[in-house]
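An overview of the molecular structure
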Amino acid sequence: MIKEYCGLFGVFGQKEAAKEVFLGLYSLQHRGEESCGITSFDGEVFCNHRGMGLVGDVFNETILDGLKGYQAIGHVRYSTTGSTAIRNIQPLFVDSRRGSLSLAHNGNLLNSRLLREKLEDRGAIFQSSSDSEIILHLMMRAKGESFLDKMRYATGKIRGAYSLLIMNDRLVAGMRDPLGFRPLCIGKKGDSFYISSESCALDLVGAEFVREVDAGELVWIDKNGLHSEKIFPSFKRKAFCSFEHIYFSRPDSFVFGQNVHLVREELGRALAKEHPVEADVVVGVPDSGTSAALGFSKESNIPLGLGIIRNHYIGRTFIQPYQSERELAARLKFNILKEVVNNKRIVVIDDSIVRGTTSRIRVKNLKSLGAKEVHLRISCPPHRFGCFYGIDFPDKNRLIANKMSLEEERRFLEVDSIGYLSLEGMLRCFRYSANNYCTACWSGNYPLKSRQELNKFALERGNQY
């Protein structure tokens, strides 16, 4: 459907920390399917294992037994800056006379090109083409020796959307950017603490959700427990990524102060009020459209039907690096139940339309299996602008709603009607006031301006930026 958009999971104080991280990453697999990695520390030695592919394919019992230690961090990756290559797999690791550091990053830096050029001019040698490595170089160049000094220096230089996991030989730390674009939360089990992109991963390891990491806050766990410091002063506004509620986060996660499933159900109710339709059955597009379809059905009193079955062995179609692979995945990903849709007027509830590839194929399949009418309802506004904060639609010219009028889009998708939830209707479903959410991809109102038009390969050697 629809740059680093990834999942983070870390633990301090568990005898077999890497195995806990493995389970956490398994729960966060939906946030990135290209690659994954784990770094652990046992008090003397750092151990690393990284690989291309899914968590269950990259790790096995033998590998996990070799990742010894009571602290560990892990990462699942969907690339946004840097190619799909082994050198870009995270966590990144550096070993120097100033200490050892491992880092995992979810987000996208807006000033990565400028920072990298400056660092290279001063002699820095980069091993990857990921913007995340810039943070490690900055930390190692900080004048202060303490971990806090290094974090203050590095985060004072970078601009953009980021949630970070950092580990050295004494602690595991997490931090969110000053506007809080990306989610991050804290969990606890006995005397052990966890840091995770989403709370669903805490559930799997049996940890209790403590709270979300605040925007601009640094938290760290060491042998003395949990500590916190607000690195940045409180901003008047936040910029929580609205798309976490719409699409990215798992429905059983607690993100930005709300349960994701319940938010999506409210989005569906709001959609039914704004765009009513006469139909026989409501069908949600799995998985992120399912909760919205439930809300639409409840509000409209149109029965909910299980008309589209998802093949869970096919990854999320936007989490594929190239368009040709997206189109193949779109065909493999869904199967339609003829018995549910045949001779029926269908309301299809989807979370979003970005390029339109998947939606058009789906509508054709529905009609070929006998659907009398297909009405498409989308639980967010039309995407008309690029995202520079970590989602893979930076080029607005590839967005269907930017290229076409609503009627042109309806004809292209071959649907009988189409309706998007309004921006105001969407924001009313969220907990906080409207100015606390990033709506740039819909409104064009960017909370942070970018001076560089980055594509995901902008930091590759030989790229002309």
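For the structure, see preceding data.
The sections below set out a description of the structure shown in this document. As the structure is a prediction and not an experimental result, all values here were calculated from the model.

A look at empty space enclosed by the protein
One water molecule sets the probe size; rolling that probe over the atoms shows where empty space is left. Size it by volume and the second largest cavity reaches roughly 90 Å³. Around the second largest cavity sit 13 residues that line it, and Cys 241, Cys 387, Ile 391, Cys 438 and Cys 441 are the ones nearest its centre. At the level of elements, α8 (242-248) and α17 (440-443) are the ones that each hand at least two residues to the lining of the second largest cavity. By residue class, the composition of the lining of the second largest cavity is ten nonpolar, two polar and one charged.

A short note on the pattern of salt bridges
Tallied over the entire structure, the rule returns 24 salt bridges. Note that Lys 19 is salt-bridged to Asp 65, the shortest N-O span being 2.9 Å. Here Lys 19, found in helix α1 (residues 17-27), pairs with Asp 65, found in helix α3 (residues 61-66); they are 46 residues apart in sequence, far enough to count as distant. Classification of Lys 19 as partly exposed rests on a relative accessible area of 26%. Residue class for Asp 65 comes out partly exposed when judged on its relative accessible area of 33%. Close ionic contact of Glu 217 with Arg 211 constitutes a salt bridge, the shortest N to O distance being 2.7 Å. We classify Arg 211 as partly exposed; its relative accessible area is 29%. A single network of salt bridges, built from pairs that share partners, joins Glu 16, Lys 19 and Asp 65.

Details of unusual backbone geometry
The omega torsion of the bond from Gln 90 to Pro 91 falls at 5°, within 30 degrees of zero and hence cis. Summarising the element assignment, Pro 91 is placed in the loop between β4 (71-77) and β5 (92-96). In this structure, Asp 287 follows Pro 286 across a cis peptide bond, with omega equal to -5°. Inspection of the secondary structure assignment puts Asp 287 in the loop between β17 (281-284) and α10 (290-300).

Some words on the packing of helix α5 (residues 132-141) against helix α6 (residues 147-157)
For the pair α5 and α6, the least separation of the axes is 8 Å and the interaxial angle reads 130°. By the angle class used here, α5 and α6 are oblique. The hand of the α5/α6 crossing is right-handed. Residues Ile 135, Leu 138, Met 139 and Arg 141 of α5 form the contact with α6, whose participating residues are Phe 147, Lys 150, Met 151, Tyr 153, Ala 154 and Lys 157. Class assignment of the residues belonging to the contact of α5 with α6 gives a composition of seven nonpolar, no polar and three charged.

A look at the environment of Pro 251
In this fold, Pro 251 is placed in the loop between α8 and β15 (254-255). Overall, Pro 251 belongs to the partly exposed group, its relative accessible area being 33%. For the pair formed by Pro 251 and Cys 200, sequence separation is 51 residues and the distance between their alpha carbons is 8.6 Å.

What counts, and at which threshold
Residues numbered from 1 in each chain as written. Predicted model: local features only at pLDDT ≥ 70, side-chain atom pairs only at ≥ 80, totals over all residues. Heavy atoms only, no water. 1 Å grid on protein atoms, 1.4 Å probe; cavity = no way out; pocket = protein on both sides within 12 Å on 5 of 7 lines; lining within 4 Å. Points joined across faces, edges and corners; volume = space filled by probe spheres on them. Helix = DSSP H or I, 4+ residues; strand = E, 2+ residues; numbered from the N terminus. Nonpolar A, V, L, I, M, F, W, Y, C, P; charged D, E, K, R; others polar. Salt bridge = Lys/Arg side-chain N within 4 Å of Asp/Glu carboxyl O. Buried < 20%, exposed > 50% of the residue type's maximum accessible area, 1.4 Å probe, protein only. Axes fitted to C-alpha atoms, helices over the stretch in contact; angles between N-to-C directions. Parallel < 35°, antiparallel > 145°, perpendicular 65-115°, else oblique. Left-handed = near helix turned anticlockwise from the far one by under 90°. Contact = heavy atoms within 4.5 Å.

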